[in-house]
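Residue strings, one per chain:
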Amino acid sequence: MADHRDLPAPGSLGAHSVVYLVGTALQGLGVLLVLPFATRVLGAAEFGRVATGLVVVQMVGTIAAAGLPQVILREHHRGAEGPRVARALAGTMVLLALALGALGLVLALGLSATGHADLSQWLPLLFAAVSLTTVVSGQTLMRARLQPWRFLALAVLATVGAQLAGVLAARGDASAVRYLTAYASVVAAAALLAVVLGRPLPPTAEPARVRTGVRLAAPLLPQAAAMLGLLSGDVLLTRWLLGSVAAGEYQVALQIGNIPFVLAVALFNAWGPLVLSRPLADRWSWTATTGAGLVGVVVVGAGVVIGASPFVAAVLTGDGFDVAAIASAASLLCLVSVVYMVYQGSSLAVLDAEQTGRLAVNALVAVVVLVGLAIGLSGAGLLGIAVAKVAAYATLTLLTVASGRRHLRWPREARVAVGVGAVAALAASLSTGYAVHLVVLVVMVVAGAVVAPRVVRALRG
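Rules used in this analysis
Residues numbered from 1 in each chain as written. Predicted model: local features only at pLDDT ≥ 70, side-chain atom pairs only at ≥ 80, totals over all residues. Heavy atoms only, no water. Helix = DSSP H or I, 4+ residues; strand = E, 2+ residues; numbered from the N terminus. Buried < 20%, exposed > 50% of the residue type's maximum accessible area, 1.4 Å probe, protein only. Contact = heavy atoms within 4.5 Å. Areas by Shrake-Rupley, 256 points an atom, 1.4 Å probe, with all protein chains shown as cover. Salt bridge = Lys/Arg side-chain N within 4 Å of Asp/Glu carboxyl O. Phe/Tyr/Trp six-rings, centres within 6.5 Å; stacked < 30°, edge-to-face > 60°. Expected span 1.5 Å × (residues − 1). Arc of directions from axis to C-beta.

Focus on the overall build of the protein
Working step 1: Helix and strand content of the protein: 15 helices and zero strands.
Working step 2: Taken over 461 residues, the protein has a buried fraction of 57%.
Working step 3: For the protein, the share of sequence-separated contacts (at least 6 apart) that also reach a separation of at least 24 residues comes to 83%.
Working step 4: Of the roughly 18,300 Å² that the protein leaves accessible, carbon and sulfur atoms contribute 69%.

Concerning the pattern of salt bridges
Working step 1: This model, assessed by the stated rule, comprises four salt bridges.
Working step 2: The partner of K389 in a salt bridge is D234, and the shortest N-O contact between them spans 3.2 Å. Remark: D234 occurs in helix α8 (residues 220-242) and K389 occurs in helix α13 (residues 382-403); sequence separation between them is 155 residues.
Working step 3: Overall, the relative accessible area of 3% leaves K389 in the buried class.
Working step 4: With its nearest N and O atoms 3.2 Å apart, the salt bridge here joins D282 to R278.
Working step 5: Take D282: its relative accessible area is 26%, and that puts it in the partly exposed class.
Working step 6: For R278, a relative accessible area of 25% translates into the label partly exposed.

Thoughts on the side chain of T238
Working step 1: By the secondary structure assignment, T238 is in helix α8.
Working step 2: The contacts of T238, once residues within four sequence positions are left out, are G243, A246, A247, Y250, L382 and I385.

Regarding the packing of aromatic side chains
Working step 1: In this structure the tally under the stated criterion is five aromatic pairs.
Working step 2: Judged by centre distance (5.9 Å) and plane angle (85°), the ring pair of Y340 and Y393 falls under edge-to-face. Residue Y340 is found in helix α11 (residues 323-352), and its partner Y393 is found in helix α13; the two are separated by 53 residues along the sequence. By the burial criterion, Y340 is buried, and Y393 matches it.
Working step 3: Ring pairing ties together the aromatic residues F261, Y340, Y343 and Y393, which thus form one cluster.

Topic: helix α12 (residues 356-377)
An α-helical turn contains 3.6 residues, so a residue and the one three or four places further along point in the same direction.
Working step 1: In this model, α12 (22 residues) spans 32 Å end to end at C-alpha, consistent with the 32 Å of a helix rising 1.5 Å per residue.
Working step 2: All of the buried residues along α12 are T356, L359, A360, N362, A363, A366, L370 and A374. With its buried residues spanning 165° around the axis, α12 presents them on a single face. The exposed residues of α12 that point more than 90 degrees off its buried face are V368 and G376.

This is how it looks when you write it as structure tokens:
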């Protein structure tokens, strides 16, 4: 049973979606605003090292989170003690992050003593990883409490503020170490703010419920690690298979492709808590109807970015970057957001049924697809890596839709929308000029205007 003091008023899906959209868009697009300066200050090679370091930070932070964010969101809405249990689980996240950070520090000191590690490179990454996990714990509590403005403050400080600090620091010394050190300092400040806003409790505050939550989260740890591998592991694969310069170029393509991904995440941030707090009698029929509308919104957003990708790529990069290759890869990467929106809806059904083991297996299978195809298609350059990523997310989505089919059945409108997005992404990624991109841009703008009234009616319902 949900705590009705935390439930939104009718129509809050639209209101909260707008705030989360603005917040998450500022988070993602703010990084894009910093990106032109970062690529020009650091150059392709050093920027590739920064991109790799940030992926490592996210991976370590995900392991430290131990799959708990999804459980915090679920437990907050279960009974009168739910909010207190959520705070205790958030405190568990912070303690796990500190423990993993201490273990990493001992390892770094040992490797440094034997001459196998450079502490100037290790320490900023460890510090940022622990801080980022603390930020995520606070953001999760903000989502559960339906407090999007506080979520916004944490998101912007930990991303835009941190990246901007890195750029300013690198102007005096154009090195990855200088950039990451400044980045880590600002993420630490965001972590302190997260503790103040979230007010996490020690696990002993609700020991029985925390133990239950940790057991439920255990399968989500490999799932979260695998999901992060899907999200950012392609950058590591690009550097390994194609070199640092290609990794920097792929990171630019990924940031462009992530624009509609940001839209999908923003919509889910508002939609997910409302789904789990919905009365069980109509929860999944309501989810199917509203979810189909949200998939349509993401398809239109992805189509607009696909159409604009060559122009955005030219603005974001300086000399030495292959703009055509970046635009082609970015167009295909936009398709990830479409299938991911479907995945998010089905994952809620699997989570609510307490079948989190299936989410873990599905994500691990998708990672195997990503690695295997990336190695096999690396000869095609950035586009080959992008194909591998889209195929991995498609695999993840199909498996998760099948896992949650007992509760959530996607309507025909959602399947049609995914097909339209796939055609637009494939056509633009294979084109050699700007004509196809412009056609996709115009068609999607018109389609958005046509379907907007229907989508609004579905969301209001």
